[in-house]
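# Chain and residue survey
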Amino acid sequence: MIPLIYPLTIGAVLFAIGAVGVLVRRNAIVIFMCIELMLNAVNLTLIGISGHLQVVDGPIFVLFIMAVAAAEAAVGLAIIIALFRRKSTVDVTHFNILKG
Amino acid sequence: MLVAKILYGLFALGALIGGINVVAQRNPVNCAISLLFTFMSIAALYILHGSPLLAMIQIIVYAGAILILVVFTIMLLALRDPGQGLQKFWTFPQRVAAMIVGALLAGELIYVAVGAISQAAAPAGADLKTLVDPATLGHALFGKYLLPFEVASVLLLAAIVGAVVLTRRPKGTPAMIDAPHADEAEGGES
């Protein structure tokens, strides 16, 4: 049986990598991919914990997170396309249009 | 069990390398391929955790649907310069600050995890193989979690409608603003 510390550590490191990507990258599509990476890290953590505690709730939550991720992908990429149509770029430094 | 641990380490390493490449690669297409690598590695980790159904769903949903959408968007936008958006990207202080914040975040999460492990003792006679077979998962999904399941379907419907509304362009606007740079083309639509 795989020790519980393995999935928790890998999930934490992957989540941190995704967070750094969101902080550092300027390309909106890459930021989106980093968000997916963070969601996957959380999924891995949930699977590891529920495997350890012998409950079925973790995989169920992973299923719901996947549904939410699919919805987020559709809407997020639509937003990116709408932004690109407006400014011809996906560089997020150009999108400070809400600044007063 | 040693084989399982070695495989686990291998796929975990693959997931981490893919994740680092998603952040570090310059071309968005390379980022997408690295992300695919990470998704596949995590699917393998799911199998090693005894939930093959979720591994298959991971491949279908993430690698099959979401990543295809991302690659399709990259193709659709046809960014003229693959390195677009990277000129100001590697500003040094910001990179260092982000690395420090990321390291702190990872350390904090691992610290909390190690603290939690001591309290979460595994039940006796744990058998991983029987845990998340599709039948158990289906009974839980359509029994205890029926309401969230239905809400998720409504959420997906809302996402479909939202995507259509967001990408619909107003009447009379050109298909794509054809200026190489954004700021001159502004004001084209009301």
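### Let's talk about the overall build of chain B
The secondary structure content of chain B amounts to six helices and zero strands. Across chain B, helices and strands are ordered from the amino to the carboxyl terminus as α-α-α-α-α-α. Burial status across chain B gives 22% buried among its 190 residues. Within chain B, contacts between residues separated by at least 24 positions form 52% of all contacts whose residues are at least 6 apart in sequence.

### Describing helix α2 (residues 28-53) of chain A
Residue and element names in this part refer to chain A. With 26 residues, α2 extends 38 Å between its outermost C-alpha atoms, agreeing within 8% with the 38 Å of an ideal straight helix rising 1.5 Å per residue. Among the 26 residues of α2, 21 are classified as buried, and the element is accordingly described as predominantly covered. Q54 sits one or two positions beyond α2 and adopts a positive phi of about 60°.

### Overview of the interface of chain A and chain B
Taken residue by residue, the interface counts 69 residues in chain A and 82 residues in chain B. Contributions of two or more residues to the side of chain A that touches chain B are made by α1 (5-24), α2 and α3 (57-87) of chain A. Among the elements that make up the side of chain A that touches chain B, the one with the highest residue count is α3(A) (23 residues). Per-class residue counts for the side of chain A that touches chain B are 50 nonpolar, 13 polar and six charged.

### Focus on helix α4 (residues 92-117) of chain B
Over its 26 residues, α4(B) extends 37 Å from the first C-alpha to the last, a length consistent with the 38 Å expected when each residue adds 1.5 Å. The inward-facing, buried residues of α4(B) contact α1 of chain A.

### Some thoughts on the packing of helix α1 (residues 2-24) of chain B against helix α2 (residues 28-48) of chain B
When two helices pack together, their arrangement is given by the angle between their axes and by how far apart the axes lie. Residues and elements named next belong to chain B. At their nearest, the axes of α1 and α2 sit 8 Å apart, and the two run at 155° to each other. In terms of orientation, α1 lies roughly antiparallel with respect to α2. When you trace α1 past α2, the crossing you get is left-handed. On α2, the residues that touch A4, L7, Y8, F11, A12, G14, A15, G18, G19, N21 and V22 of α1 are C31, S34, L35, F37, T38, S41, I42, A44, L45 and L48. Classifying every residue of the contact of α1 with α2 gives 14 nonpolar, seven polar and no charged.

### Digging into the domain arrangement of chain B
What the domain assignment lists for chain B is domain 1 (1-83) and domain 2 (133-170). When each unit is reduced to the centre of its C-alpha atoms, the spacing between domain 1 of chain B and domain 2 of chain B is 23 Å.

### Quick notes on the environment of A:L37
Locating A:L37 in the fold gives a position in helix α2. Placed 45 residues apart in sequence, A:L37 and A:A82 show a C-alpha to C-alpha distance of 23 Å.

### Let's talk about the packing of α2(A) against α1(B)
In contact at an axis separation of 10 Å, α2(A) and α1(B) are set at 160° when each is read in the N-to-C sense. Judged on the interaxial angle alone, α1(B) and α2(A) are roughly antiparallel. The handedness of the crossing between α2(A) and α1(B) comes out as left-handed. Listed contacts from α1(B) to A:M33, A:C34 and A:L37 of α2(A) are B:G19, B:V22 and B:V23.

### Focus on the nonpolar core
By size, the foremost hydrophobic cluster in this structure holds 63 residues, and its most contacted members are A:I29, A:M33 and B:L45. Mapped onto this core, the elements with two or more residues apiece are α1, α2 and α3 of chain A together with α1, α2, α3 (52-77), α4 and α6 (146-167) of chain B. With 13 residues, α2(A) is the largest single contributor of residues to this core. For this core, the domains that each give at least three residues are domain 1 (1-83) and domain 2 (133-170) of chain B. Aside from chain neighbours lying at most four places away, what touches B:L45 is A:L44, B:Y8, B:F11, B:A12 and B:A15.

Each value, and the rule that gives it
Residues numbered from 1 in each chain as written. Chains lettered and ligands numbered in written order. Predicted model: local features only at pLDDT ≥ 70, side-chain atom pairs only at ≥ 80, totals over all residues. Helix = DSSP H or I, 4+ residues; strand = E, 2+ residues; numbered from the N terminus. Buried ≥ 20, exposed ≤ 12 C-beta atoms within 10 Å, placed from the backbone. Contact = placed C-beta atoms within 7 Å. Expected span 1.5 Å × (residues − 1). Nonpolar A, V, L, I, M, F, W, Y, C, P; charged D, E, K, R; others polar. Axes fitted to C-alpha atoms, helices over the stretch in contact; angles between N-to-C directions. Parallel < 35°, antiparallel > 145°, perpendicular 65-115°, else oblique. Left-handed = near helix turned anticlockwise from the far one by under 90°. Domains from an automatic or database assignment. Core = buried A, V, L, I, M, F, W, Y, C linked by C-beta atoms within 7 Å.

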